[in-house]
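Survey of secondary and tertiary structure
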Amino acid sequence: RDYGDISLKDIDQVAKSSFPLCMRHLFDKLKEDHHLKHGGRMQLGLFLKGVGLNLDDALAFWRAEFSKKVGLEKFEKQYAYTIRHNYGKEGKRTDYTPYSCTKIISSTPGTGDHHGCPYRHFSEENLRAALGTMGVNSRAMEDVIDKVRNRHYQLACTLTFEALHGMPCDAGINHPNQYFSDSKKILQS
Ligand code: SF4
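Residues numbered from 1 in each chain as written. Predicted model: local features only at pLDDT ≥ 70, side-chain atom pairs only at ≥ 80, totals over all residues. Heavy atoms only, no water.

**Regarding helix α5 (residues 72-86)**
- For α5, spanning 15 residues, the distance from its first C-alpha to its last is 20 Å, which sits close to the expected 21 Å at 1.5 Å a residue.
- Of all the bends in α5, the largest measures some 45° and sits at Y79.
- For α5, the complete set of buried residues consists of F75, Y79, A80, I83, H85 and N86.
- Of the residues one or two after α5, G88 is the one with positive phi, at around 75°. (Helix = DSSP H or I, 4+ residues; strand = E, 2+ residues; numbered from the N terminus. Expected span 1.5 Å × (residues − 1). Bend = angle between axes of the 7 residues up to and from the residue. Buried < 20%, exposed > 50% of the residue type's maximum accessible area, 1.4 Å probe, protein only.)

Structure below.
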């Protein structure tokens with residue numbers, strides 16, 4: 001897999017610099033609530049697998065947060081299985097692939113869910129606040145919001161990428177893991 005590699009010790013910094021907003025939001029919510037519902041665990045968990053977080057690190061990552069909320073025992077009983085499952089270590093041993101933008105945009109998050117695409121699923125007010133936190137300047141913000149109003153969510157994400165990296169992204173964003181690898185390429189060069 002050529003998505004690059006991340007380890008647990010870098011993950012906070014890398015989340016800030018190179019995660020697209022959909023994953024940044026899940027990551028922040030997990031740290032805040034020490035919990036994510038199923039849809040969020042799948043979306044973020046498979047993304048993290050795609051960026052090269054290995055199974056042991058993934059278990060340590062989820063355990064550290066969930067155990068603060070549900071306790072260690074419940075984590076091992078109820079949640080560790082799904083993580084191993086996502087890595088193809090349980091059940092049918094399918095190697096599950098990370099979700100594309102199209103799949104995430106067409107998902108239907110309910111109350112208390114944090115998965116989905118913020119460009120599609122956030123209110124304009126919440127989206128503006130989230131973009132501001134990411135460091136998108138006010139001029140770029142208006143261009144992003146304009147794309148969102150025209151329902152061009154991936155173009156909105158592409159403009160965000162370009163504003164944050166100061167570089168064009170000619171191919172456009174079509175996958176959260178592509179956002180990540182393109183970001184790493186720019187930041188490492
Ligand atoms: Fe994530 Fe894709 Fe939405 Fe960007 S366009 S926030 S990468 S789902």
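Now that the structure has been shown, we can carry on.
**Some points on unusual backbone geometry**
- Unlike most non-glycine residues, H34 shows phi in positive territory, near 55°.
- Among the structural elements, H34 can be located in the loop between α2 (21-33) and α3 (38-50).
- One non-glycine residue, R151, adopts positive backbone phi at about 60°.
- Positionally, R151 belongs in the loop between α9 (138-149) and α10 (153-165).
- By relative accessible area, which is 63% here, R151 ends up exposed.

**Looking at the state of the cysteines**
- A complete count under the given rule lists zero disulfides for this structure.
- The structure places no disulfide on C169, whose sulfur is separated from the nearest cysteine sulfur, that of C157, by 8.6 Å.
- Relative accessible area serves as the criterion here: at 6%, C169 is assigned to the buried category. (Disulfide = S-S within 2.5 Å.)

**Some words on the side chain of H165**
- By the secondary structure assignment, H165 is in helix α10.
- On the basis of relative accessibility, which here comes to 12%, the residue H165 falls in the buried class.
- A polar contact is formed between the side chain of H165 and the side chain of S183, at a distance of 2.7 Å.
- Ignoring any residue separated from it by four or fewer positions in sequence, one finds H165 in contact with S17, Y179, S183, I186 and L187. (Polar contact = N/O pair within 3.5 Å; in protein donor to acceptor, adjacent residues only side chain to side chain. Contact = heavy atoms within 4.5 Å.)

**Digging into the site of the ligand**
- By nearness alone, every residue bordering the ligand is listed as P20, C22, C101, I104, C117, P118, Y119, C157, I173 and P176.
- Elements represented by at least two residues in the shell around the ligand include exactly α6 (101-105) and α7 (118-121). (Near = heavy atom within 4 Å.)

**Remarks on the nonpolar core**
- One finds F19, L44, L48, W62 and Y119 to be the most contacted residues of the largest nonpolar core, which totals 52 residues.
- Split by domain, this core shows at least three residues from each of two domains, domain 1 (8-86) and domain 2 (101-188).
- In contact with Y119, not counting residues within four places along its chain, are L21, L127, L131, V144, V148, Y153, A156, C157 and T160. (Core = buried A, V, L, I, M, F, W, Y, C linked by side-chain atoms within 4.5 Å. Domains from an automatic or database assignment.)

**Describing the pattern of salt bridges**
- By the definition in use, this model includes 12 salt bridges.
- Overlapping salt bridges bring together D12, K31, E65 and K68 as one network. (Salt bridge = Lys/Arg side-chain N within 4 Å of Asp/Glu carboxyl O.)

**A look at the domain arrangement of the protein**
- What the domain assignment lists for the protein is domain 1 (8-86) and domain 2 (101-188).
- Taking the mean C-alpha position of each, domain 1 and domain 2 sit 21 Å from one another.
- Each partner contributes to the roughly 1800 Å² buried at the junction of domain 1 and domain 2, and carbon and sulfur atoms together form 68% of this total.
- Remark: the boundary between domain 1 and domain 2 carries zero salt bridges.
- Where domain 1 touches domain 2, the interface holds six residue pairs in polar contact (both at pLDDT 80 or more).
- Contributions of two or more residues to the side of domain 1 that touches domain 2 are made by α1 (11-18), α2 and α3.
- The residue inventory of the side of domain 1 that touches domain 2, partitioned by class, reads 10 nonpolar, seven polar and four charged. (Buried area = accessible area lost by both parts, 1.4 Å probe. Nonpolar A, V, L, I, M, F, W, Y, C, P; charged D, E, K, R; others polar.)

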